[in-house]
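Architecture at a glance
So you can see what is in the structure, the chains are spelled out below.
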Amino acid sequence: NSILLVTSNENKYKEIAEIAKDYKVELEWLKIPKLEIQADTLEEVVRYSAIVIFQLVKRPLIVEDSGLFIKSLNDFPGPYTNYVRRKLGLEGILKLLEGKNDRSAYFKTSLCYIDEARQLLFNGTVNGRISDTIRGEKGFGFDPIFIPEGESRTFAEMSTEEKNRYSHRSKAFKAFLEYYTNQ
Ligand code: ITT
Ligand code: NA
């Protein structure tokens, strides 16, 4: 009775596997893209993906979608983070923030668990700021330009364990795993 974790992103899987070690839940990685709709919220994206994939595989599963929300850009790129990463990249974001004093931003993860009986949504966020330069080799995506509150290092300068102490993803998954293992 394991739960499928649906993601094409190996880094995500590694971060989540590290968290799940501390819980009596078995996660099985299903490495496929999650069929994303274009929507203005992460919640809508994961809900839809979960339903569509559940109809195909008919087993309990989790999908998650994450995004970077930058305050001085009116929370852009948010649900469009993937697209912006591919089209503008890290340098593109740094360019958009040139001359702006407020570099605050947050990462958010929405995860959807679905089985025969129910659909559950959990969120996690981490506040922080966009760095002035690209720093660090670890992690993925926008990690080299995101500094969580209370740190001077970017996520890309931290080990998986350290990132998990702060991250949006670890908060969302811990909330789910607490709920799921205590029901
Ligand atoms: P899925 O198969 O799970 O969809 P993905 O890599 O496409 O994998 P998302 O759509 O959730 O994942 O990610 C949206 C974008 O946000 C993408 O460009 C990621 O690189 C970036 N991102 C997500 N989580 C991140 C994190 O923890 N740190 C840095 N960037 C992140
Ligand atoms: Na996405």
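Before any of the text, the structure's been laid out above.
Below you will find a few notes about this structure. (Residues numbered from 1 in each chain as written. Chains lettered and ligands numbered in written order. Predicted model: local features only at pLDDT ≥ 70, side-chain atom pairs only at ≥ 80, totals over all residues. Heavy atoms only, no water.)

1. Remarks on the overall build of the protein chain
Applicable threshold: A run of H or I in DSSP becomes a helix once it reaches four residues, and a run of E becomes a strand once it reaches two; helices and strands are each numbered from the N terminus. Radius of gyration here is computed from C-alpha atoms only, and the compact-globule reference equals 2.2 Å multiplied by the residue count raised to the power 0.38. Working definition: with a 1.4 Å probe on protein chains only, accessible area under 20% of the residue-type maximum means buried, over 50% means exposed, and in between means partly exposed. Contact criterion: two residues are considered in contact whenever any of their non-hydrogen atoms come within 4.5 Å of each other. Only the protein chains shown count as cover for residues, with accessible areas throughout obtained via the Shrake-Rupley method and a probe of 1.4 Å. The charge count includes Lys and Arg as positive and Asp and Glu as negative, but it does not include His or the ends of the chains. A charge is said to be at NZ when it belongs to Lys, at CZ for Arg, at CG for Asp and at CD for Glu.
Helix and strand content of the protein chain: six helices and seven strands. Listing every helix and strand of the protein chain by position from the N terminus yields β-α-β-α-β-β-α-α-β-β-β-α-α. Computed over the C-alpha atoms, the radius of gyration of the protein chain is 16 Å, within 12% of the 16 Å expected from 2.2 N^0.38 for a compact globule of 183 residues. Looking at the protein chain residue by residue over its 183 residues, the buried ones come to 48%. When contacts within the protein chain are restricted to residue pairs at least 6 apart in sequence, those whose partners lie at least 24 apart make up 59%. By element, 47% of the accessible surface of the protein chain is carried by carbon and sulfur atoms, the whole surface being about 9500 Å². Separation between the mean location of the 27 positive side-chain charges and that of the 27 negative ones in the protein chain comes to 1 Å.

2. Description of the site of ligand 1
Put simply, the rule reads: For each residue, the test is whether any non-hydrogen atom lies within 4 Å of the molecule or strand; if one does, the residue is near. Between N or O atoms, a polar contact is any pair within 3.5 Å; within protein, one atom must be a potential hydrogen donor and the other a potential acceptor, and residues adjacent in sequence are included only when both atoms are from side chains. Amino acids outside the nonpolar list (Ala, Val, Leu, Ile, Met, Phe, Trp, Tyr, Cys, Pro) and the charged list (Asp, Glu, Lys, Arg) are all regarded as polar, and Gly is one of them.
Taken together, 20 residues lie around ligand 1, and Thr-7, Ser-8, Lys-12, Lys-34 and Asp-143 are the ones closest in. In this structure, an oxygen atom belonging to ligand 1 sits 3.0 Å away from a side-chain N or O atom of Asn-9. Protein contact buries 94% of the 610 Å² of open area that ligand 1 shows by itself. Secondary structure elements with two or more residues in the shell around ligand 1: β3 (61-70), α3 (81-87) and α6 (168-181). The residue inventory of the shell around ligand 1, partitioned by class, reads three nonpolar, eight polar and nine charged.

3. Remarks on the coordination of the sodium ion (ligand 2)
Going by this rule: For Na, K and Ca the donor cut-off is 3.2 Å, and for all other metals it is 2.8 Å, counting N, O and S atoms only; because water is absent from this set, sites may look incomplete.
At this site the sodium ion (ligand 2) is bound by Glu-36 (OE), Glu-36 (OE) and Asp-65 (OD), with donor distances of 2.4 to 2.8 Å. Of this pair, Glu-36 sits in the loop between β2 (27-30) and α2 (42-57) while Asp-65 sits in strand β3, and the two are 29 residues apart along the sequence. With a relative accessible area of 5%, Asp-65 lands in the buried category.

4. Quick look at the pattern of salt bridges
Side-chain pairs of opposite charge can arise whenever the charged atoms involved come near each other. The condition is simple: For this analysis, a salt bridge means a side-chain nitrogen from Lys or Arg found within 4 Å of a carboxyl oxygen belonging to Asp or Glu.
One pass over the structure, following the stated rule, counts 16 salt bridges. One salt bridge in this structure joins Glu-28 and Arg-59, with 3.0 Å as the shortest N-O distance. With Glu-28 in strand β2 and Arg-59 in the loop between α2 and β3, this pair connects stretches of sequence that are 31 residues apart. On the basis of relative accessibility, which here comes to 33%, the residue Glu-28 falls in the partly exposed class. A salt bridge links Glu-64 to Arg-169; the nearest nitrogen and oxygen atoms lie 2.4 Å apart. Residue Glu-64 is found in strand β3, and its partner Arg-169 is found in helix α6; the two are separated by 105 residues along the sequence. Among the charged side chains, a salt-bridge network with shared partners connects Lys-12, Glu-15, Glu-64, Asp-143, Lys-163 and Arg-169.

5. A short note on the packing of helix α1 (residues 10-20) against α6
In plain terms, the rule: Angles shown run from 0 to 180 degrees and are taken between the N-to-C directions of axes, each axis being a line fitted to C-alpha atoms and, for helices, limited to the stretch in contact. Orientation is classified from the angle alone, with under 35 degrees giving roughly parallel, over 145 giving roughly antiparallel, 65 to 115 giving roughly perpendicular, and any other angle giving oblique. For a crossing to be left-handed, the near helix must be turned anticlockwise from the far one by less than a right angle; the clockwise case is right-handed.
For the pair α1 and α6, the least separation of the axes is 10 Å and the interaxial angle reads 45°. If you check the angle between α1 and α6, you find them oblique. For the pair α1 and α6, the sense of crossing is right-handed. Packed against α1, whose contacting residues are Lys-12, Glu-15, Ile-16, Ile-19 and Ala-20, the element α6 presents Arg-169, Ser-170, Phe-173, Lys-174 and Leu-177 at the interface. Here the contact of α1 with α6 is composed, by residue class, of five nonpolar, one polar and four charged.

6. Things to note about the environment of Ser-8
On the secondary structure map, Ser-8 appears in the loop between β1 (3-6) and α1. Owing to a relative accessible area of 45%, Ser-8 belongs among the partly exposed residues under this scheme. When sequence neighbours within four positions are dropped, the list of residues in contact with Ser-8 reads Lys-31, Ile-32 and Pro-33.

7. Overview of a nonpolar patch on the surface
Put simply, the rule is: A patch is a set of surface residues, each over 30% in relative accessible area and not in a salt bridge, joined within 9 Å for like charges and within 5 Å for the nonpolar side chains Val, Leu, Ile, Met, Phe, Trp and Tyr.
A cluster of nonpolar side chains, namely Phe-76, Leu-88 and Leu-96, defines an oily patch on the protein surface of about 230 Å² accessible area. Tracing the backbone shows Phe-76 in strand β4 (residues 76-77). Residue Phe-76 is classed as partly exposed on the basis of its relative accessible area of 31%.

8. Thoughts on the packing of aromatic side chains
Stated precisely, the cut-off is as follows: To pair, rings of Phe, Tyr and Trp, with the six-membered ring standing in for Trp, must have centres within 6.5 Å; the planes then decide the type, stacked if under 30 degrees apart, edge-to-face if over 60, and tilted in the middle.
On inspection of all chains with the given rule, the structure shows ten aromatic pairs. A ring pair is formed by Phe-69 and Tyr-106, whose centres lie 4.8 Å apart and whose planes are at 5°; its orientation type is stacked. Of this pair, Phe-69 sits in strand β3 while Tyr-106 is found in strand β5 (residues 104-114), placing the two residues 37 residues apart along the sequence. Note on Phe-69: relative accessible area 10%, which makes it buried. You can call Tyr-106 partly exposed: its relative accessible area is 24%.

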